[in-house]
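One-letter residues, chain by chain:
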Number of protein chains: 2
Amino acid sequence: MHTSLLDRLRLHGYRLTAQRRAVAEALDGINVHLTADEVHARAADILPEISRATVYSTLHELTEMGEILELGIEGRSKRYDPTTSPHNHLVCDSCGVIHDVQHGVAAPELPLNEAHGMAVRRAEVVYHATCGTCLAS
Amino acid sequence: MHTSLLDRLRLHGYRLTAQRRAVAEALDGINVHLTADEVHARAADILPEISRATVYSTLHELTEMGEILELGIEGRSKRYDPTTSPHNHLVCDSCGVIHDVQHGVAAPELPLNEAHGMAVRRAEVVYHATCGTCLAS
DNA sequence: TCTGAGTTCTGGACTAAGTCCAAGTTCGGA
DNA sequence: TCCGAACTTGGACTTAGTCCAGAACTCAGA
Ligand SMILES: [Mn+2]
Ligand SMILES: [Mn+2]
Ligand SMILES: [Zn+2]
Ligand SMILES: [Zn+2]
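Residues numbered from 1 in each chain as written. Chains lettered and ligands numbered in written order. Predicted model: local features only at pLDDT ≥ 70, side-chain atom pairs only at ≥ 80, totals over all residues. Heavy atoms only, no water.

Trainee: Now, about the coordination of the manganese ion (ligand 2): what can you tell me, with residues and values included?
Mentor: Residue and element names in this part refer to chain B. At this site the manganese ion (ligand 2) is bound by His33 (NE2), Asp81 (OD), His87 (NE2), His89 (NE2) and Asp100 (OD), with donor distances of 2.0 to 2.3 Å. Donor residues binding the manganese ion (ligand 2) come from one chain and are separated in sequence as H-x47-D-x5-H-x1-H-x10-D. Placement of His33 in the loop between α2 (18-27) and β1 (34-35) and of His87 in the loop between β3 (79-81) and β4 (88-92) is noted, with a sequence separation of 54 residues between them. His33 sits in the buried class, given a relative accessible area of 7%. A residue is classified by how much of its surface remains accessible, and His87, at 11% relative accessible area, is buried. (Donors = N, O, S within 2.8 Å, 3.2 Å for Na, K, Ca; no water. Helix = DSSP H or I, 4+ residues; strand = E, 2+ residues; numbered from the N terminus. Buried < 20%, exposed > 50% of the residue type's maximum accessible area, 1.4 Å probe, protein only.)

Right, here's the structure in full:
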């Protein structure tokens with residue numbers, strides 16, 4: 001009884017359109033971190049005439065719903081992550097590739113006296129590295 | 001015998017120009033996180049005809065030398081940090097303001113079995129929050 | 001099944017941040 | 001002082017993303 005991204009869009013009161021279906025299908029079940037343009041390319045395999053604007057707007061809806069995560073990495077285009085359970089990321093600063101870090105690492109809590117009166121939502125740990133491919137070149 | 005940013009540019013073999021002087025002076029001694037355009041505005045107070053391209057290139061030189069840090073925050077313009085001692089950041093996701101987190105927090109190390117064969121350079125912790133001003137509006 | 005109001009989609013224009021480059025200027029070692 | 005290498009400039013360009021007016025579609029209700 002796996003509920004798909006598409007089912008959950010419906011539950012949130014969005015209309016079911018061929019475009020949302022295509023974007024959901026492009027993301028469903030994958031475990032990589034795609035850019036908006038990569039999502040657009042995959043969605044266009046299913047629905048060739050889908051526009052970039054619609055892909056962006058659907059990605060924002062899914063992010064707003066908490067069904068995917070939007071990852072903003074250092075000067076590069078954002079990437080979208082269908083894995084929403086708490087995890088951190090390992091990033092190649094040279095080519096931008098991202099791996100999940102699933103186990104054994106928890107972000108330390110922010111001491112209250114450092115909070116500057118701000119409401120802290122979450123702490124994320126980003127590991128900056130260089131991948132094998134980039135090291136070789 | 002405090003060595004200024006400018007002195008250190010000289011030590012790295014760069015020529016001393018009025019433009020580098022102006023950028024160094026714009027950054028020296030401050031403890032806030034300026035965007036490139038803000039640095040340009042401050043530098044232009046000292047040297048009105050300085051160009052954006054030169055400010056960008058000087059910021060990159062200083063970053064390359066390790067004399068300032070380039071902070072890339074979620075979809076916004078990069079910010080430049082003259083404080084290079086290890087510290088983390090607390091970011092308002094709504095307006096982009098950044099505070100330093102100096103004490104009591106260390107990023108956890110990445111377990112070897114999670115490294116995907118990559119050479120990890122550093123771990124940073126980013127605290128995502130909403131500042132008082134943004135909460136009020 | 002049909003309708004229509006409200007939702008959604010489209011494509012193209014637009015913006016913001018940053019990069020690139022050819023031409024002119026300046027620095028500083030000899 | 002001289003001169004080549006280093007540097008700066010301003011404007012064109014790129015990339016990622018936003019915005020919008022008009023056209024198309026969805027789905028609740030009759
Ligand atoms: Mn992930
Ligand atoms: Mn800082
Ligand atoms: Zn890489
Ligand atoms: Zn704020």
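Next comes the rest of the description.
Trainee: An account of the sheet that holds strand β3 (residues 79-81) of chain A is needed here, citing residue identities and associated values.
Mentor: Residues and elements named next belong to chain A. Read across the sheet, three strands follow the order β1-β3-β2 without closing on themselves; strand pairing throughout is antiparallel. Each of the sheet's edge strands pairs with one partner strand only, and the pair in question is β1 (34-35) and β2 (69-71). Here two bridges tie β1 to β3, and the two strands are oriented antiparallel to one another. Each bridged residue has a counterpart across the sheet, and for Thr35 the counterpart in β3 is Arg79. (Pairing = 2+ DSSP bridges.)

Trainee: Got a sec to walk through the protein's contact with DNA strand D? Specific residues and values, please.
Mentor: DNA strand D sits among 18 residues. The nearest are Arg15, Leu16 and Tyr56 of chain A together with Thr17 and Thr54 of chain B. Separating a phosphate oxygen of DNA strand D from a backbone N or O atom of Leu16 of chain A is a distance of 2.8 Å. For DNA strand D, a phosphate oxygen lies 3.0 Å from a polar atom in the backbone of Lys78 of chain A. If you list the elements that add at least two residues to the surface near DNA strand D, you get α4 (52-64) of chain A together with α2 and α4 (52-64) of chain B. (Near = heavy atom within 4 Å. Polar contact = N/O pair within 3.5 Å; in protein donor to acceptor, adjacent residues only side chain to side chain.)

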